[in-house]
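# Fold and contact review
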Amino acid sequence: MRLVPFLFLAAICCRAEPFRLPTANHALFEKNGGEKFFVGTTGKPWESGGFGCVRSDGWQMHEGLDIKCLQRDKHGEPTDPVLATADGTVAYFSKNPALSNYGRYILLKHTVDGIEVYSLYAHLSEIRDGIKIGQPVKGGEQIAVMGRTSNTRERITKERAHVHFELNLVYSDNYAGWHKKNLPGQRNDHGEWNGQNLVGMDPKLVLQAERAQGAKFNLAQFIQGRTELFRVLVRKTDFPWLRRYRALVVERNIEKKSIAGYEIAFDFNGLPFQLIPHTAAEMKSGPKYQLLAVNASEYAKNPCRKLVRQRGSRWELTTRGTSLLNLLIY
Ligand SMILES: [Zn+2]
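Rules and cut-offs
- Residues numbered from 1 in each chain as written.
- Predicted model: local features only at pLDDT ≥ 70, side-chain atom pairs only at ≥ 80, totals over all residues.
- Heavy atoms only, no water.
- Helix = DSSP H or I, 4+ residues; strand = E, 2+ residues; numbered from the N terminus.
- Rg over C-alpha atoms; globule rule 2.2 N^0.38 Å.
- Buried < 20%, exposed > 50% of the residue type's maximum accessible area, 1.4 Å probe, protein only.
- Contact = heavy atoms within 4.5 Å.
- Areas by Shrake-Rupley, 256 points an atom, 1.4 Å probe, with all protein chains shown as cover.
- Lys, Arg positive; Asp, Glu negative; His and termini not counted.
- Charge placed at Lys NZ, Arg CZ, Asp CG, Glu CD.
- Pairing = 2+ DSSP bridges.
- Axes fitted to C-alpha atoms, helices over the stretch in contact; angles between N-to-C directions.
- Donors = N, O, S within 2.8 Å, 3.2 Å for Na, K, Ca; no water.
- Disulfide = S-S within 2.5 Å.
- Polar contact = N/O pair within 3.5 Å; in protein donor to acceptor, adjacent residues only side chain to side chain.
- Phe/Tyr/Trp six-rings, centres within 6.5 Å; stacked < 30°, edge-to-face > 60°.
- Lys NZ or Arg CZ within 6 Å of the ring centre and 35° of its normal.
- Arc of directions from axis to C-beta.

### With respect to the overall build of the protein chain
Within the protein chain, the secondary structure is distributed over 8 helices and 18 strands. Scaling as 2.2 N^0.38, a compact globule of 330 residues should have a C-alpha radius of gyration of about 20 Å, and the protein chain matches this with 21 Å. Overall, the protein chain is about 70 × 65 × 40 Å in size when its C-alpha atoms are taken along their principal axes. Residue burial in the protein chain is summarised as follows: out of 330 residues, 51% are buried. The contacts in the protein chain between residues at least 6 apart in sequence include a share of 66% that link residues at least 24 apart. Accessible area for the protein chain stands at about 16,500 Å²; split by element, carbon and sulfur atoms hold 51% of it. Where the 46 positive side-chain charges of the protein chain centre and where its 33 negative ones centre are 3 Å apart.

Here is the structure:
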């Protein structure tokens, strides 16, 4: 009988926060810590180093957090250790900074509350020696050193040294094939791990929710709670997102064989956070993708991904929106 209280305690006391900050800079959690935590773009306030429609007057997306450097060598170069945000495995890394605007970067895979999530750390000066794809890493373990690598024409100055940190879900298992077919003129040096196959969540919101909710935090619930920008009906019954993110599918009492498609809700960044199965009888014949609803107030706040647009009083999917759906069900 003594075992019961022990197990009870174990269940409530020791679920570690699944995600942690990837450097020693923890000012994100301080009151008015923004200035100390984020690095803005050149000449812009720190807010432009956050996640969202924070660039080009709200018309350009920044899909991660630019976290300020705390440590420098005698030449003023950043030396902050970069740490795994959670337990996981190495999914991908690119040691050639010339191949990406991420510069030298590493991607880790984690499974949290049934959700496959990928953390990305960019502009690194060094990736830890001997790191291999598939290798397990512990949350808090050093994986790299902060730097300022990138292949963009405008270099990251010493003053703006930071790690660019993302938390992503992945659209497709067939990205490389989709890219070849749909973007034939564009190089793809990173296979399935091209940034266009990753869709980000705001790591600040994830970390804050986790701190506020403690052991009650659940990543699937966090994702299900995103604000909807638009909702689409898709005539397809099998695609990677459905298999990978089962936790986001709403259970309905209908037979699997009578499912003819899914109603999918997307947030402003194009993250499909809720999928509802529909039968053929519920889906009138119509276009491949049917835009069901647009949240105009969310669009007014966060329009920068340009996935939908208004024509007169009617909303429609843009070319980008359609392209995202093509990739999702490819
Ligand atoms: Zn960035």
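After that view of the structure, there is still more to cover.
### What about the sheet that holds strand S15 (residues 272-279)?
Strands sit in the order S15-S14-S13-S16 across an open sheet of 4 strands; the sheet is antiparallel. Each edge of the open sheet carries a strand with a single partner, namely S15 and strand S16 (289-294). Taken pair by pair, the neighbouring strands of this sheet meet at an average axis angle of 20 degrees, ignoring direction. Pairing between strand S14 (residues 259-266) and S15: 7 bridges, direction antiparallel. Within S15, the position partnered with Gly 261 by the bridge is His 278.

### Digging into the coordination of the zinc ion
Around the zinc ion, the protein contributes the donor atoms His 62 (NE2), Asp 66 (OD) and His 164 (ND1), at 2.0 to 2.1 Å from the metal centre. Sequence spacing of the donors to the zinc ion: H-x3-D-x97-H. A residue pair is termed long-range when its members are at least 10 positions apart, and His 62 in strand S2 (residues 60-62) and His 164 in strand S11 (residues 162-170) qualify at 102 residues. For His 62, a relative accessible area of 5% translates into the label buried.

### Section: the state of the cysteines
Within the structure shown, the criterion is met by 1 disulfide. Two residues share a disulfide in this structure: Cys 53 and Cys 304, whose sulfurs sit 2.1 Å from each other. Taking the torsion about the S-S bond as the criterion, the Cys 53 to Cys 304 disulfide, at about -75 degrees, is left-handed. Of the two residues, Cys 53 is situated in strand S1 (residues 52-55) and Cys 304 in the loop between helix H7 (296-301) and strand S17 (308-311); the sequence distance between them amounts to 251 residues. Here Cys 53 and Cys 304 have matching classes, each one buried.

### Some thoughts on the sheet that holds strand S10 (residues 142-145)
Pairing in this open sheet of 3 strands is antiparallel, and the strands run S4-S10-S8 from one edge to the other. At either margin of the open sheet sits one strand with a lone partner, and together these are strand S4 (81-83) and strand S8 (126-127). The pairing of S8 with S10 spans 2 bridges and is classified as antiparallel. By the bridge assignment for S10, Ile 127 is matched with Ala 144.

### Here we look at the side chain of Thr 318
Looking at the secondary structure, you find Thr 318 in the loop between strand S18 (314-317) and helix H8 (319-329). Within the structure, Thr 318 has its side chain in polar contact with the backbone nitrogen of Gly 321 (distance 3.0 Å). With sequence-adjacent residues up to four places away left out, Thr 318 is seen in contact with Lys 306, Leu 307, Val 308 and Arg 309.

### Examining the packing of aromatic side chains
Inspection of the entire model under this criterion finds 14 aromatic pairs. Arranged with centres 4.9 Å apart and planes meeting at 85 degrees, the rings of Phe 37 and Phe 38 form a pair that is edge-to-face. Residues Phe 37 and Phe 38 agree in their burial class; the two are buried. A centroid spacing of 5.5 Å and a plane angle of 40 degrees characterise the contact between Tyr 121 and Phe 165, whose relative ring orientation is tilted. Here Tyr 121, found in strand S7 (residues 115-124), pairs with Phe 165, found in strand S11; they are 44 residues apart in sequence, far enough to count as distant. This pair shows no difference in class: Tyr 121 is buried, exactly as Phe 165 is. Site record: aromatic cluster; members linked through ring pairs are Phe 37, Phe 38 and Trp 46. The positively charged end of Arg 226 is found above the aromatic ring belonging to Phe 222, 3.9 Å away from the centroid.

### Comments concerning helix H4 (residues 203-213)
Within the span of H4, buried status applies to Pro 203, Val 206, Leu 207, Ala 209 and Glu 210. One side of H4 carries all its buried residues, which in axial view fall inside an arc of 160 degrees. Of the residues that open H4, the one with a side-chain oxygen 2.9 Å from the backbone nitrogen of Lys 204 is Asp 202.

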